[in-house]
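In case you want the letters, here they are:
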Amino acid sequence: MSKRHAAAVREPLKSSSKPRTVETQVSFRTRRLETTLMGALVAFTFWACAVLTPGDLIVWMIAVYAGAIAAWCRFRPALQEWTMFLRATLLMAGAFVLQTSGDGADAGGPYFVWPLMIVAMYSLMLSDRWITLLWSVAALEFVAARVFDHASSWQLTLMQAGALMFFAYAGREFGHSIRHMDRESEQLRKDPNSRLYNEMGFFDHGAQLFDECRGRKRPFTLVLLNSADLREVSDLAGKKAANHLFKQLVDRIESATAGEGLAARTDSVEFALALPGVTGVRAAQLLQQHLGNPPKVEVVLKGSRVTVMLDSLIAEATPDVPTLEDMYDRMRAKLMRRAGEVVSRPAEAQSTLQGMLESDSVLPHHARPTMPMVYPQGS
């Protein structure tokens, strides 16, 4: 993989708006950590229901409620921290119901572990400004639960308040160290001129998604987008038009990969979309929905419309493809041949995917991109 990690020479093509910094985004590893921790919380809740209150309908409903939030985490990973804070708040509301309703209602009982786990989990993942808000919500839930429950002794209440503060503080301090290392790692894997991953990030994180799909026998689709004409827009229509087109393209790519997907700028005018759990047919539909058919981006400036067509290729991984890098290399070779560029490839046995890429794709695509055209609006 060393050749993938070499710094790529980029063209001076940037988004017209300042990219969001890594600190304001949720990293790939943190998104996956939230899903894992949520799964642990849900598993504990169902286990506690079965052991402590097997006949309590309210407790089972809260367990299902937590499961729904876990599914939200799984299929819509948080891209911004406010999403994680919202989930933590919803879970805290469930903790309040769990402690004050049902047959086993007891604010000082075993279900106090719920708010404890929520605070510890999200103090580990959130930044300080969101942690402060989370702690405020936790304090409100703690006080409200004790107001509704008069059975707890003041000694037990003080002990649990101390436990809540200790786990909150420990989670935040441990999270500081994790986030610092994660932030430095993400900066190396982010494209400096967009919000997307670079080639290094794509092959590091995308390989994990690819291997997981392979292990769970889920579909995995890779989409490549390329347009050499993007390099010429600045000379043809000005830097402002080029930046507007680039920003629009990045926004639409992000929309197409919302959820489990991963998007990267693998070259100055090449973009890769890894779509776990998505079939090739569904990926073609997503591409058409967000970029049109054929794929393109366009902008209107001073009465003129600038349109850039995008060459695209979509392929769903087959069992004989060993790695994401191998799949990417084969697809990129196909795109380069379509664009008329000579690509050297090692001699190797033909595979199902390789055979598909040697011939015309069964999924819809258009011919090589045309030069961007500038013409009066309405013509």
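Preceding this section is the structure that the text describes.
Note that the coordinates shown come from a computational prediction; the quantities given were computed from them, not determined experimentally. (Residues numbered from 1 in each chain as written. Predicted model: local features only at pLDDT ≥ 70, side-chain atom pairs only at ≥ 80, totals over all residues. Heavy atoms only, no water.)

A.B. asks: Could you clarify how one ought to interpret the overall build of the protein in this entry?
C.D. replies: Per the secondary structure count, the protein includes twelve helices and seven strands. Put simply, the protein has 379 residues, and 49% of those count as buried. The long-range share in the protein, meaning contacts at least 24 apart out of those at least 6 apart in sequence, stands at 76%. Surface summary for the protein: the accessible area is close to 17,900 Å², and the carbon and sulfur share equals 62%. (Helix = DSSP H or I, 4+ residues; strand = E, 2+ residues; numbered from the N terminus. Buried < 20%, exposed > 50% of the residue type's maximum accessible area, 1.4 Å probe, protein only. Contact = heavy atoms within 4.5 Å. Areas by Shrake-Rupley, 256 points an atom, 1.4 Å probe, with all protein chains shown as cover.)

A.B. asks: Got a minute to help me understand the nonpolar core in this structure?
C.D. replies: Within soluble globular proteins, side chains that are nonpolar tend to cluster in buried spots. Grouped together as the largest cluster of nonpolar side chains are 39 residues, with contacts concentrated most on M38, L91, W114, I118 and Y122. Every element with two or more residues in this core is listed here: α1 (28-52), α2 (57-75), α3 (81-100), α4 (113-125), α5 (128-148) and α6 (154-188). Filtering out sequence-adjacent residues up to four positions away, Y122 remains in contact with E34, M38, M84, R87, A88, L91, I131 and L134. If you look at the next biggest cluster of nonpolar residues, it comprises 30 residues, including L225, V233, V250 and I314. (Core = buried A, V, L, I, M, F, W, Y, C linked by side-chain atoms within 4.5 Å.)

A.B. asks: I'm lost on the sheet that holds strand β2 (residues 262-267) in this one. Help?
C.D. replies: In sheet architecture, strand pairing relies on hydrogen bonds along the backbone and comes in two forms, parallel and antiparallel. Judged by pairing direction, the sheet is antiparallel, and its four strands sit side by side in the order β2-β3-β1-β6 without closing on themselves. Each edge of the open sheet is held by one strand with a lone partner, namely β2 and β6 (311-316). Averaged over neighbouring strand pairs, the angle between their axes works out to 15° when direction is ignored. Two elements, β2 and strand β3 (residues 270-276), share five bridges in a ladder whose sense is antiparallel. Residue pairing in the sheet places D267 in a bridge with E270 of β3. (Pairing = 2+ DSSP bridges. Axes fitted to C-alpha atoms, helices over the stretch in contact; angles between N-to-C directions.)

A.B. asks: Help me understand a nonpolar patch on the surface, please; the structure alone is not making it clear to me.
C.D. replies: There is a patch of nonpolar side chains on the surface, built from W47, V51 and L52 and spanning about 360 Å² of accessible area. Examined against the element boundaries, V51 turns out to sit in helix α1. A relative accessible area of 49% means that V51 is categorised as partly exposed. (Patch = residues over 30% accessible without salt bridge, like charges linked within 9 Å, V, L, I, M, F, W, Y side chains within 5 Å. Salt bridge = Lys/Arg side-chain N within 4 Å of Asp/Glu carboxyl O.)

A.B. asks: How should the environment of Q187 be read in this particular structure?
C.D. replies: For Q187, the position within the fold is in helix α6. Considering only alpha carbons, one finds Q187 and Y197, ten residues apart in sequence, at a separation of 9.2 Å.

A.B. asks: Teacher, can you tell me more about α5 here?
C.D. replies: Side chains of residues three or four places apart in an α-helix project in the same direction, reflecting 3.6 residues per turn. Helix length check: α5 (21 residues) gives 30 Å between terminal C-alpha atoms against 30 Å at 1.5 Å per residue, within 8%. Residues of α5 that are buried include every one of W130, I131, L134, A138, E141, F142, A145 and R146, and no others. Buried residues along α5 cover an arc of 140° about the axis, so they all sit on one side. Seen from the buried face of α5, the exposed residues on the opposite side, beyond 90 degrees, are R129, L140 and V147. Where α5 is buried, its residues meet α3, α4 and α6. (Expected span 1.5 Å × (residues − 1). Arc of directions from axis to C-beta.)

A.B. asks: Please clarify how unusual backbone geometry should be interpreted in this entry.
C.D. replies: Glycine aside, the phi torsion of most residues is negative, and most peptide linkages are trans. Omega for the peptide link from N293 to P294 comes to 0°, which places this bond in the cis form. Position of P294 relative to the elements: it lies in the loop between α10 (280-291) and β4 (296-301). Positive phi values are uncommon outside glycine, yet K217 reaches one of about 60°. For K217, the location among the structural elements is in the loop between α7 (199-216) and β1 (220-226). Note on K217: relative accessible area 76%, which makes it exposed.

A.B. asks: It is not clear to me how the pattern of salt bridges should be interpreted in this structure. Could you clarify?
C.D. replies: Note on pairing: side chains with opposite charge can pair once their charged atoms come close. If you walk through the whole model with that rule in mind, you get 14 salt bridges. Residues R32 and E212 are paired through a salt bridge, measuring 2.1 Å at the closest nitrogen-oxygen approach. Here R32, found in helix α1, pairs with E212, found in helix α7; they are 180 residues apart in sequence, far enough to count as distant. For R32, a relative accessible area of 24% gives the class partly exposed. For E212, a relative accessible area of 27% translates into the label partly exposed. The partner of R172 in a salt bridge is E173, and the shortest N-O contact between them spans 2.9 Å. Here E173 falls in the partly exposed class, since its relative accessible area comes to 33%.

A.B. asks: Is there a simple way to explain the packing of aromatic side chains in this structure?
C.D. replies: For the coordinates displayed, the defined rule picks out ten aromatic pairs. With 5.4 Å between their ring centres and 85° between their planes, F96 and F148 make a pair best called edge-to-face. Of the two residues, F96 sits in helix α3 while F148 sits in helix α5, which places them 52 residues apart along the sequence. In this structure F96 comes out as partly exposed when scored by relative accessible area, which is 22%. Judged by its relative accessible area of 60%, F148 is exposed. Their ring planes at 80° and their centres at 5.5 Å tell us that F166 and F167 sit as a pair that is edge-to-face. The exposure class assigned to F166 is exposed, which follows from its relative accessible area of 54%. When its relative accessible area of 37% is taken as the criterion, F167 is described as partly exposed. (Phe/Tyr/Trp six-rings, centres within 6.5 Å; stacked < 30°, edge-to-face > 60°.)

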